[in-house]
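The residues making up each chain are set out below.
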There are 2 protein chains.
Amino acid sequence: MNNYTIMLREHNLKATPQRIAIIDIIDKYGHINIDKLYESIKNKFESISLATIYKNIHTMSENLLLLEVKLPNEKSVYEIVKGKHSHLLCNSCHSIIDIEVDTNMIENSISSKYSFNIDQSDLVLSGRCKNCLT
Amino acid sequence: MNNYTIMLREHNLKATPQRIAIIDIIDKYGHINIDKLYESIKNKFESISLATIYKNIHTMSENLLLLEVKLPNEKSVYEIVKGKHSHLLCNSCHSIIDIEVDTNMIENSISSKYSFNIDQSDLVLSGRCKNCLT
DNA sequence: CTGGGTGCAAAGTATTTGCATGAAC
DNA sequence: GTTCATGCAAATACTTTGCACCCAG
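The structure displayed is predicted, hence computed values, not measured ones.

Our next topic: the relation of the copies chain A and chain B. For these two chains of identical sequence, chain A goes onto chain B by a turn of 180 degrees and a shift of 0.0 Å along the axis, with RMSD 0.1 Å. These values place the two chain copies in the arrangement generated by a two-fold rotation axis. Distance from the rotation axis, computed per C-alpha, reaches its smallest value in chain A at Leu123(A): 2.2 Å. An overlap of 100% is found between the interface residues of chain A and their copies at the interface of chain B, pointing to a shared contact surface.

Below is the structure:
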């Protein structure tokens, strides 16, 4: 019984081959959008339907196994839920890097200033990565 | 000659009544998504077409008069380009508040750590606002 | 006038749904 | 065996495009 099977079961989802393949690819890429996921998965899984991908992305997100990351000027990507982190996006090569950013001070200050109960913080920094800087 | 006319001209756009109405509404709401914009604008402008809205949102964004703001679990909203700021989103009443957050330290530290040239920083804090906290 | 904008209808994408079959547990 | 997932096709939603007509400058 592989890791992805365990992950799925822990999130109350049946471990179908399609689902395992989806998680496998997302895990290997780190972040991937629907189109590339579909393209990529068809190598392993010629018969898979796009509807199955959509349904599963949806179910797995509901069950907190996957997270949608919205990006400026790009299609959303999906990642496996892990600890809190932010994203660095290169507008040139479109690579995405997970970064650790301490946003506690910001959250605390805004939270008290506006009497707002913050439970999520989405930060995307974008620009040009090392490799793409001419 | 009203303010919106001036704004449009400054961004090299003809000041049509449709465009003025679009900016007027976005300005009054602060942030609005396409559907609500369309609904809202039809009060002033019964004949306007959704295609006109899409075309103009696109053109005005290209010309840096409007900015699309992507939000977790919500449709994107559009706002008039103004100084750098972040957003507070209430998951309950869906209101959005502009906030001033100093992200310079974060940007500098990430920028040097990854040799990354950051030119944009999108931060959305979400949770429950004052009014929605029971 | 002239260039560009508008509205309509149609085309193109993206995403969701219903349902019969099939697989997980 | 029961429950739920899959794949297909159809439906829906969202966005873009082409074109004839019209208006801003």
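Moving on, we come to the interface of chain A and chain B. Contacts between chain A and chain B engage 36 residues on the former and 36 residues on the latter. Across the chain A to chain B interface the summed buried area is about 2900 Å²; carbon plus sulfur atoms make up 63%. Remark: the boundary between chain A and chain B carries 0 salt bridges. One can count 14 residue pairs in polar contact (both at pLDDT 80 or more) joining chain A with chain B. Residue assignment for the side of chain A that touches chain B shows that the elements contributing at least two residues are strand 3 (86-90), strand 4 (96-99), helix 5 (104-114) and strand 5 (117-128) of chain A.

Attention shifts here to the domain arrangement of chain A. Residues and elements named next belong to chain A. Domain annotation for chain A reports domain 1 (3-80) and domain 2 (86-133). Averaged C-alpha coordinates put domain 1 and domain 2 at centres separated by 23 Å. Facing 8 residues of domain 1, the contacting portion of domain 2 comprises 8 residues. At the boundary of domain 1 with domain 2, total buried surface from both sides reaches about 670 Å², with 63% on carbon and sulfur atoms. Counting every contact that joins domain 1 to domain 2 gives 0 salt bridges. The tally of links from domain 1 across to domain 2 stands at 4 residue pairs in polar contact (both at pLDDT 80 or more). For the side of domain 1 that touches domain 2, the per-class residue count stands at 4 nonpolar, 1 polar and 3 charged.

Attention now goes to the environment of Ala21(A). Within the fold, Ala21(A) resides in helix 2 (residues 17-29). Spatially, the C-alpha atoms of Ala21(A) and Lys70(A) are 23 Å apart, while their sequence positions differ by 49 residues.

Turning our eyes to something else, we now look at the packing of helix 1 (residues 3-10) of chain A against helix 2 of chain A. Residue and element names in this part refer to chain A. Axis separation between helix 1 and helix 2 bottoms out at 10 Å; the angle between their running directions is 110 degrees. Here helix 2 runs roughly perpendicular to helix 1, going by the angle between their axes. Across the interface between the two elements, Tyr4, Thr5, Met7 and Leu8 from helix 1 touch Arg19, Ile20, Ile23, Asp24, Asp27 and Lys28 from helix 2. In the contact of helix 1 with helix 2, the residues fall into 5 nonpolar, 1 polar and 4 charged.

As a further point, take the protein's contact with DNA strand C. In the vicinity of DNA strand C lie 19 residues, with Tyr54(A), Thr16(B), Gln18(B), Arg19(B) and Thr52(B) positioned nearest. Per the 4 Å cut-off to the protein, sugar and phosphate atoms form 72% of the nearby atoms of DNA strand C. In this structure, Gln18(B) approaches DNA strand C through a side-chain N or O atom, which is 2.7 Å from a sugar or linking oxygen. For the surface near DNA strand C, the secondary structure elements donating two or more residues are helix 4 (50-62) of chain A together with helix 2 (17-29) and helix 4 (50-62) of chain B. In terms of residue count, the dominant contributor to the surface near DNA strand C is helix 4 of chain B (4 residues). Its residues assigned to classes, the surface near DNA strand C shows 6 nonpolar, 6 polar and 7 charged.

Looking now at the protein's contact with DNA strand D. Around DNA strand D, 19 residues are found, and the nearest of them are Lys14(A), Thr16(A), Lys55(A), Arg9(B) and Tyr54(B). Expressed as a percentage, the sugar and phosphate content of the atoms of DNA strand D within 4 Å of the protein is 73%. Taking Ser47(A), its side chain carries an N or O atom lying 3.3 Å from a phosphate oxygen of DNA strand D. Here a phosphate oxygen of DNA strand D and a side-chain polar atom of Thr52(A) are 2.9 Å apart. Put simply, the parts of the chain that give the surface near DNA strand D at least two residues each are helix 2 and helix 4 of chain A together with helix 4 of chain B. The greatest single-element share of the surface near DNA strand D, amounting to 4 residues, is contributed by helix 4 of chain A. Looking at the surface near DNA strand D residue by residue, the classes come out as 6 nonpolar, 6 polar and 7 charged.

Residues and elements named next belong to chain B. Among the residues of helix 5 (residues 104-114), those classed as buried are Ile106, Glu107 and Ile110. On an axial view of helix 5, the arc spanned by its buried residues comes to 95 degrees, and they lie on one face. Exposed residues lying more than 90 degrees from the buried face of helix 5 are Met105, Asn108 and Ser112. Once helix 5 ends, the next one or two residues include serine 115, with phi positive near 50 degrees.

Each value, and the rule that gives it
- Residues numbered from 1 in each chain as written.
- Chains lettered and ligands numbered in written order.
- Predicted model: local features only at pLDDT ≥ 70, side-chain atom pairs only at ≥ 80, totals over all residues.
- Heavy atoms only, no water.
- Least-squares fit on C-alpha atoms with pLDDT ≥ 70 in both.
- Contact = heavy atoms within 4.5 Å.
- Buried area = accessible area lost by both parts, 1.4 Å probe.
- Salt bridge = Lys/Arg side-chain N within 4 Å of Asp/Glu carboxyl O.
- Polar contact = N/O pair within 3.5 Å; in protein donor to acceptor, adjacent residues only side chain to side chain.
- Helix = DSSP H or I, 4+ residues; strand = E, 2+ residues; numbered from the N terminus.
- Domains from an automatic or database assignment.
- Nonpolar A, V, L, I, M, F, W, Y, C, P; charged D, E, K, R; others polar.
- Axes fitted to C-alpha atoms, helices over the stretch in contact; angles between N-to-C directions.
- Parallel < 35°, antiparallel > 145°, perpendicular 65-115°, else oblique.
- Near = heavy atom within 4 Å.
- Buried < 20%, exposed > 50% of the residue type's maximum accessible area, 1.4 Å probe, protein only.
- Arc of directions from axis to C-beta.

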